Amino acid sequence: MTYVKPAFRHPEAAKNKLGYTRKEYEGALSTLCAGCGHDSISAAIVQGIFELSIPPHRVAKLSGIGCSSKTPTYFLGNSHGFNSVHGRMPSVATGAYLANKDLIYLGVSGDGDSASIGMGQFVHAIRRNLNMVYIVMNNGCYGLTKGQDSATADPGSINKSGHTNLFETIDMAGMALELGASFVARSFSGDKEQLIPLIKAAVSFPGFAFIDVISPCVTFNNNKGSTKSYDYVRDHLETVAELDFVPLAEEITSDIASGESGRITMHDGTYLQINKLALDWDPTDRISSLTKIHRSRMNQEVVTGLLYYEAERKNLHDILNTVDTPLNALEYYELCPGNSVLQTINAELR
Amino acid sequence: MITVSPVVYQALTCRQEMPAGVNRKIVVGTPAAIFFHHSKSLKNRNFRPKIFKINCLEPTNIKDPEYFHKVVDCQYACPAHTPVPEYIRLIAAERYSDAYMVNWESNVFPGILGRTCDRPCEPACRRGRVEKEPVAICRLKRVAADFKGEVVSRMPSAPETGNGKRIALVGAGPASLTVARDLAPLGYEIDLYDEQPLGGGMMRSQIPAFRLPEEVLNEEVGYVLGIGGISTHFKTYVHSLKDLLESGYDAVFVGTGAPRGKDLSGLPGRKEIQANIHIGIEWLANVAFNHVDKIGKKVLVLGGGNTAMDCCRTSRRLGGTDVKVVVRSPFDEMKASPWEIEDAQHEDIPFFNLHNPKAFVHENGKLRGMLFEKVAAQYDDQGKRSLVPTGEPDIFFEADDVIIAIGQENAFPWIEKDLGLEFDKWGMPLVDKITFGSTLPRVFFGGDAAFGPKNVITAVAQGHQAAVSIDLFCNGEDLYNRPDPLTNLVTQKMGIHEWSYDSTVVTDLRYKVPHASKSETLTNRKKEVELGFDDLLAFKEAQRCLNCDVQTVFTAERCIECDACADICPTSCITFTHNGEEEDLRGRLNAPAQLLSQDLYVSSPLATKRVMVKDENVCLHCGLCAERCPTAAWDMQRFLYNTAKAGTPCHV
Ligand SMILES: Cc1cc2nc3c(=O)[nH]c(=O)nc-3n(C[C@H](O)[C@H](O)[C@H](O)COP(=O)(O)OP(=O)(O)OC[C@H]3O[C@@H](n4cnc5c(N)ncnc54)[C@H](O)[C@@H]3O)c2cc1C
Ligand SMILES: Cc1ncc(C[n+]2csc(CCOP(=O)(O)OP(=O)(O)O)c2C)c(N)n1
Ligand code: SF4
Ligand code: SF4
Ligand code: SF4
Ligand SMILES: [Mg+2]
């Protein structure tokens with residue numbers, strides 16, 4: 001059994017703008033089951049942050065409990081991290097984000113962690129529009145506790161022990177849309193060509209960016225009859241659009257016919273090139289996106305891609321109108337200006 | 001025509017289910033158009049796709065023994081194809097005698113080669129491509145020889161009754177001795193001729209004792225002669241091939257080497273002066289056989305090859321205090337092995353490069369020194385070098401002695417020209433590169449005599465092949481119907497994540513072999529310079545080997561395309577992608593695959609119609625892909641490859 005990854009890398013391994021190779025973004029060797037979809041998502045995160053040339057110390061990873069929530073140990077080993085209690089990652093993220101708005105927050109959770117015990121936390125993080133990436137590694141079960149059905153399991157889906165799920169499913173992307181999230185995507189751990197640009201776009205997005213990633217649990221939910229297995233997902237994939245994340249000043253001219261393609265410019269000038277494959281859907285129209293999600297579910301298709309995008313929504317700090325300097329960088333006297341200032345404020349309120 | 005943008009290309013080839021395999025069709029158009037063309041419901045509106053044909057790579061045939069053989073870079077590069085990682089693991093396990101025998105089977109002279117081999121394996125070693133330096137393969141071989149126990153009982157011996165065939169071997173260098181070793185156990189009656197007093201060829205007469213002690217040479221030549229069935233005829237120069245053929249041999253092997261050293265006969269002053277000007281290889285032989293035991297204080301050695309290195313270092317031991325190596329070529333282009341140059345420099349011998357010898361300077365019939373013209377290297381468009389005078393004043397170096405070590409030539413004065421044995425215009429025999437047969441059916445060549453001066457391991461490898469041919473010939477079989485290599489592929493799986501080889505990849509840099517002190521070595525020409533690794537250093541160095549013979553074997557039917565192997569691979573060897581032409585594929589793998597000598601391992605099409613492509617180049621053989629694979633689609637399997645020797649039945 002190998003516990004430490006060999007130190008050598010490809011001699012011509014690509015370097016990013018900071019001169020780092022992917023190695024600087026890797027974490028410890030995974031202890032998840034071999035073949036777990038979560039490991040692929042970790043690899044996509046490593047690749048995405050590497051390609052964005054983000055210094056690792058600018059990122060804070062946050063998670064709850066579950067196999068999915070263990071993954072921050074396996075990526076971005078040089079970044080900040082907080083492994084919280086079950087379902088409570090959003091609260092920790094809210095606190096951290098309020099204290100230091102300058103970090104890039106990457107929340108990682110599971111379908112159990114977010115759609116059951118942490119549901120109350122999840123919805124409020126959306127409602128408050130924290131500036132963070134929120135990834136749910138969705139395997140339709142509680143992997144860590146040996147594969148019980150989760151709230152995202154589809155009705156009729158059969159788990160490894162042969163049990164058929166009798167309950168309705170929670171569609172987390174649909175729910176995020178409903179709650180007003182301004183960046184909603186779904187992807188599949190086995191499709192990095194889609195997942196990596198989505199992660200890059202989500203990280204660059206200045207508000208709550210939600211990605212529901214279907215991530216097969218090889219050990220407990222990859223059997224025939226499961227709707228979260230590699231085979232089932234591959235057979236039922238429907239992609240709404242090809243997405244390309246185009247960094248600043250690296251514009252590529254594409255010869256794609258107009259009409260089918262769209263461009264979404266981000267606040268910092270980077271943009272997303274969206275090449276639509278589904279014509280019955282408009283990614284900037286919340287209702288159209290919701291309809292698309294519902295229709296795909298009815299047709300037993302797993303719809304993936306960037307489902308909804310809205311640029312102009314205020315995030316938590318904008319809403320609270322906080323100072324530009326992160327709160328944790330303010331001096332004590334700035335945060336607690338003393339009795340005289342308090343008296344002045346009180347006087348204004350009288 | 002609509003060109004394909006990368007995005008479209010991906011859209012076409014990954015997202016849409018395209019027919020896979022050889023000559024796959026690629027449809028070109030805008031993604032939306034293609035989507036509609038392929039989607040079930042909206043088939044083909046106004047879109048007429050353009051269709052191109054792409055020659056995709058065929059799945060790799062891992063049943064071909066040469067595929068995995070090539071992955072074991074060191075073994076593949078070794079002319080005798082010694083199973084290097086196999087013996088290195090045995091050394092790490094302190095099984096020195098076993099390690100010795102693995103070597104002995106392949107290269108006959110492990111103790112000699114462990115000190116003197118030209119080591120083509122080391123520049124080829126995979127380790128050298130992932131860090132600074134390759135594994136010290138050669139010096140580990142010496143460890144096996146130094147620390148082995150009793151081995152004679154494991155060696156073959158000649159059968160009581162022979163097979164009735166008689167073979168003559170001319171020359172007793174490594175080539176002939178290898179033929180003897182391979183044929184004697186099969187019952188051949190062998191006559192071994194050499195003009196020297198003992199066997200070993202240039203290993204005895206030219207390679208200096210401070211690099212190769214006589215005891216080591218005697219021991220290993222002794223193992224061969226000890227097999228039995230070999231009659232030695234030393235101090236016997238063979239004057240006539242005709243006579244030999246007429247004395248009824250079933251076959252004759254010519255292993256006479258390249259015995260003639262080049263001179264500078266045309267240079268002014270050369271004719272006038274004979275004393276104190278020496279031909280390198282002759283002078284070394286005279287030293288080896290104790291005919292010469294001193295040299296002047298000021299010595300000039302001409303030439304930049306290994307012979308020059310041996311000459312200058314020997315001079316330092318025989319009284320030369322001011323020894324200079326003077327070479328025409330630039331320093332970086334000298335023929336000598338880097339380690340030989342380093343050792344010479346360590347013995348305070350300076351190099352004067354880009355000096356062209358112009359004249360021997362003499363006074364009253366006595367050598368005074370030499371005049372050199374300074375030249376510069378110029379290269380034409382083809383990279384061909386020419387040396388042009390710089391116009392600077394000539395340089396004079398004083399010298400008591402000059403040693404000319406500028407190359408060797410073949411000479412076959414003893415082979416009659418009317419026997420039907422053909423030579424080319426350079427006086428070299430026409431020798432078949434596979435069978436080592438000449439144009440005279442009964443006569444075979446090998447070693448330096450076959451294709452000019454090379455090295456010991458090449459002589460051994462050619463000796464093996466010539467022995468195979470001689471055996472086939474004596475049995476009336478087709479010389480081109482050669483026996484297959486003996487191969488074996490065995491899983492190393494011991495438990496779910498346990499391997500029976502040490503898969504950990506250490507980061508230790510190459511260990512240096514300790515040397516004896518200069519004060520000791522420069523005063524005694526027989527004192528061996530290198531002391532060899534001790535057991536601890538040997539273990540540490542052995543651990544640097546990446547076990548390239550433990551192959552990554554892929555079973556496409558098992559793969560569920562979870563990406564785990566591609567994600568975990570430290571050196572980004574594995575990619576799942578759509579098939580394509582080799583050049584195209586090499587350009588779009590997870591890491592660039594630009595070393596064309598390293599193969600791509602391509603699977604048959606997977607469920608998504610993609611293929612697994614592994615670039616063998618910098619695989620660490622760490623086994624992580626197999627450990628992380630949920631379905632055991634990857635397995636680590638040890639591949640043993642042994643070149644067939646004489647007597648192996650054809651196509652077992
Ligand atoms: C100075 C020097 C240093 C070298 N160092 C190395 C080294 O470190 N490592 C390495 O791998 N290689 C080295 N080589 C090269 C190596 O020695 C030869 O390539 C190798 O020995 C060739 O083997 P062979 O069997 O073809 O012939 P040889 O070793 O040359 O043996 C030929 C034998 O045939 C005998 N012979 C020739 N003609 C007749 C005849 N008519 N009748 C009877 N006997 C005859 C000769 O006496 C000789 O003993 C060195 C060579 C030189 C000159
Ligand atoms: C407060 C609390 N309740 C219950 C558990 C037991 N528990 C551990 S992980 C887990 C479910 C995790 O499921 P999910 O978030 O989908 O992660 P997965 O392992 O599937 O990736 C549960 C219920 C716990 N650790 N803490
Ligand atoms: S690492 Fe070991 S097996 Fe691989 S090429 Fe080098 S010596 Fe041979
Ligand atoms: S053994 Fe497997 S994981 Fe290790 S370097 Fe080779 S391909 Fe990569
Ligand atoms: S880990 Fe195994 S199953 Fe997964 S992609 Fe690699 S070979 Fe296929
Ligand atoms: Mg789960």
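Structure's up top.
Residues numbered from 1 in each chain as written. Chains lettered and ligands numbered in written order. Predicted model: local features only at pLDDT ≥ 70, side-chain atom pairs only at ≥ 80, totals over all residues. Heavy atoms only, no water.

A.B. asks: Can you help me understand the site of ligand 2 in this one?
C.D. replies: Residue and element names in this part refer to chain A. In the neighbourhood of ligand 2, 17 residues make up the surrounding shell, with C67, D111, G112, D113 and G143 lying closest. A distance of 3.0 Å separates an oxygen atom of ligand 2 from a polar atom in the side chain of N139. Between ligand 2 and the protein, one listed contact pairs an oxygen atom with a backbone N or O atom of C141 at 2.9 Å. When ligand 2 sits alone it has 590 Å² of accessible area, and the protein chains cover 73% of it. Elements represented by at least two residues in the shell around ligand 2 include exactly α2 (67-70), α4 (111-117) and β5 (141-142). With 4 residues, the top contributor of residues to the shell around ligand 2 is α4. Taken together, the residues of the shell around ligand 2 break down into 6 nonpolar, 9 polar and 2 charged. (Near = heavy atom within 4 Å. Polar contact = N/O pair within 3.5 Å; in protein donor to acceptor, adjacent residues only side chain to side chain. Areas by Shrake-Rupley, 256 points an atom, 1.4 Å probe, with all protein chains shown as cover. Helix = DSSP H or I, 4+ residues; strand = E, 2+ residues; numbered from the N terminus. Nonpolar A, V, L, I, M, F, W, Y, C, P; charged D, E, K, R; others polar.)

A.B. asks: I keep staring at the sheet that holds strand β9 (residues 298-302) of chain B and nothing clicks. Help me out?
C.D. replies: The strands that make up a sheet pair up through hydrogen bonds in the backbone, lying either parallel or antiparallel. All names here are of chain B. Strand order across the open sheet formed by 5 strands is β8-β16-β9-β10-β11, with parallel pairing between neighbours. Each edge of the open sheet carries a strand with a single partner, namely β8 (277-279) and β11 (351-352). The pairing of strand β10 (residues 322-326) with β11 spans 2 bridges and is parallel. Bridge pairing links V326 to F352 in β11. (Pairing = 2+ DSSP bridges.)

A.B. asks: Looking at this structure, I do not really get the sheet that holds strand β8 (residues 209-214) of chain A. What am I missing?
C.D. replies: Residue and element names in this part refer to chain A. Taken in spatial order, the 8 strands of this open sheet run β2-β1-β3-β4-β8-β7-β13-β9, and their pairing is mixed. Only two strands of the sheet have a single partner each, and these edge strands are β2 (80-83) and β9 (237-239). Averaged over all pairs of adjacent strands, the angle between strand axes in this sheet comes to 20°, irrespective of strand direction. Where strand β7 (residues 183-188) meets strand β13 (residues 302-309), 4 bridges bridge the pair, whose relative direction is antiparallel. Looking at the pairing, A185 lines up with L306 of β13. Against the sheet, helix α7 (residues 192-204) engages β3 (104-110), β4 (132-138), β7, β8, β9 and β13, with an angle of about 155° to β7. (Axes fitted to C-alpha atoms, helices over the stretch in contact; angles between N-to-C directions. Contact = heavy atoms within 4.5 Å.)

A.B. asks: Looking at this structure, how should I read the coordination of the magnesium ion (ligand 6)?
C.D. replies: As a benchmark, a tetrahedral metal site with four donors has ideal angles of 109.5 degrees, while an octahedral site with six donors has ideal angles of 90 or 180 degrees. Residue and element names in this part refer to chain A. Donor atoms from the polypeptide that bind the magnesium ion (ligand 6) are D111 (OD), N139 (OD1) and C141 (O), placed at 2.1 to 2.2 Å. Read from N- to C-terminus, the donor residues coordinating the magnesium ion (ligand 6) fall into the pattern D-x27-N-x1-C. Residue D111 is found in helix α4, and its partner C141 is found in strand β5; the two are separated by 30 residues along the sequence. Given the relative accessible area of 2%, D111 is considered buried. Residue C141 is classed as buried on the basis of its relative accessible area of 3%. (Donors = N, O, S within 2.8 Å, 3.2 Å for Na, K, Ca; no water. Buried < 20%, exposed > 50% of the residue type's maximum accessible area, 1.4 Å probe, protein only.)

A.B. asks: Help me out: how do you make sense of the nonpolar core in this one?
C.D. replies: Nonpolar side chains tend to gather and get buried jointly when the protein is soluble and globular. Counting residues in each nonpolar core, the largest one holds 99 residues, and the members touching the most others are L241, V252 and F445 of chain B. Ranked by residues supplied to this core, first place goes to helix α19 (residues 456-474) of chain B with 11 residues. For this core, the domains that each give at least three residues are domain 2 (62-89 + 483-652) and domain 3 (155-259 + 410-474) of chain B. Each residue touching F445 of chain B, except ones within four places of it in the same chain, is listed here: F253, V254, F412, I415, L421, P429, V431, F436, S438, A450 and A466 of chain B. Core analysis: the second largest hydrophobic core is formed by 73 residues, M137, L195, A209 and L243 of chain A among them. (Core = buried A, V, L, I, M, F, W, Y, C linked by side-chain atoms within 4.5 Å. Domains from an automatic or database assignment.)

A.B. asks: Sorry if this is basic, but what is going on with the interface of chain B and chain A here?
C.D. replies: You'll often see interface size given as the accessible area lost when the parts meet. In this assembly, 46 residues from chain B lie in contact with 39 residues from chain A. Summing the contributions of chain B and of chain A, the shared interface buries around 3700 Å²; its carbon and sulfur component is 56%. Applying the counting criterion to the chain B and chain A interface returns 3 salt bridges. D563 of chain B serves as the salt-bridge partner of K192 of chain A, at 2.7 Å between the closest nitrogen and oxygen. (Buried area = accessible area lost by both parts, 1.4 Å probe. Salt bridge = Lys/Arg side-chain N within 4 Å of Asp/Glu carboxyl O.)

A.B. asks: Any chance you could explain helix α15 (residues 280-288) of chain B here in plain terms?
C.D. replies: Owing to its 3.6 residues per turn, the α-helix aligns residues three or four sequence positions apart on the same side. Residue and element names in this part refer to chain B. Listed as buried for α15 are G280, I281, W283, L284, A285 and V287. Buried residues in α15 make contact with α12 (202-205), β7 (260-261), β8, α16 (306-317), β16 (401-404) and β17 (408-409). Positive backbone phi, at 65°, marks N290, one or two positions downstream of α15.

A.B. asks: Help me understand the pairing of β16 of chain B in this model?
C.D. replies: Regular strands show a simple pattern: their side chains alternate between the two faces of the sheet. All names here are of chain B. Residues D401 and I403 of β16 are buried on one face, and the alternating residues V402 and I404, pointing to the opposite face, are buried as well. In this sheet, β16 lies alongside β8 in parallel orientation, the contact comprising 3 bridges. From the neighbouring strand, I279 faces β16, where its bridge partner is I404. Relative to β16, β9 runs parallel, the two sharing 4 bridges. Considered in β16, the bridge of L302 is made with I404.

A.B. asks: Would you take a moment to explain the site of ligand 1 for this structure?
C.D. replies: Residues and elements named next belong to chain B. Around ligand 1 lies a shell of 33 residues, among which T116, D194, M202, R211 and D448 are the nearest. One nitrogen or oxygen atom from the main chain of P174 is found 3.2 Å from an oxygen atom belonging to ligand 1. In the model, an oxygen atom of ligand 1 is placed 2.9 Å from a nitrogen or oxygen of the V456 main chain. Those elements giving two or more residues to the shell around ligand 1 turn out to be α11 (174-183), α15, α16 and α19. Among the residues making up the shell around ligand 1, the classes are represented as 13 nonpolar, 14 polar and 6 charged. In this structure, the shell around ligand 1 is formed jointly by two domains, domain 3 (155-259 + 410-474) and domain 4 (262-408), each of which donates at least three residues.

A.B. asks: Would you take a moment to explain the environment of P59 of chain B for this structure?
C.D. replies: Residue and element names in this part refer to chain B. Within the secondary structure layout, P59 lies in the loop between β2 (50-54) and α3 (65-71). Separated by 453 residues in sequence, P59 and K512 have C-alpha atoms that sit 43 Å apart. Those residues in contact with P59, other than ones at most four positions away along the chain, are V602, S603 and S604.

A.B. asks: Looking at this structure, I do not really get the packing of aromatic side chains. What am I missing?
C.D. replies: Aromatic ring pairs are defined here through the distance separating the ring centres and the angle between the ring planes. Residues and elements named next belong to chain B. Scanning the entire structure with this criterion turns up 27 aromatic pairs over all chains. When the centroid spacing of 4.8 Å and the interplanar angle of 55° are considered together, the rings of F554 and W634 count as tilted. One end of the pair, F554, is in strand β22 (residues 550-554); the other, W634, is in strand β26 (residues 634-642), and 80 residues separate them in sequence. Note that R119 overlies the ring of W339, its terminal NZ or CZ placed 3.6 Å from the centroid. Directly above the aromatic system of F423 lies the positively charged group of K417, at a separation of 4.8 Å from the ring centroid. (Phe/Tyr/Trp six-rings, centres within 6.5 Å; stacked < 30°, edge-to-face > 60°. Lys NZ or Arg CZ within 6 Å of the ring centre and 35° of its normal.)

It is worth stressing that arrangement in space is one thing and function is another; only the former is reported here.
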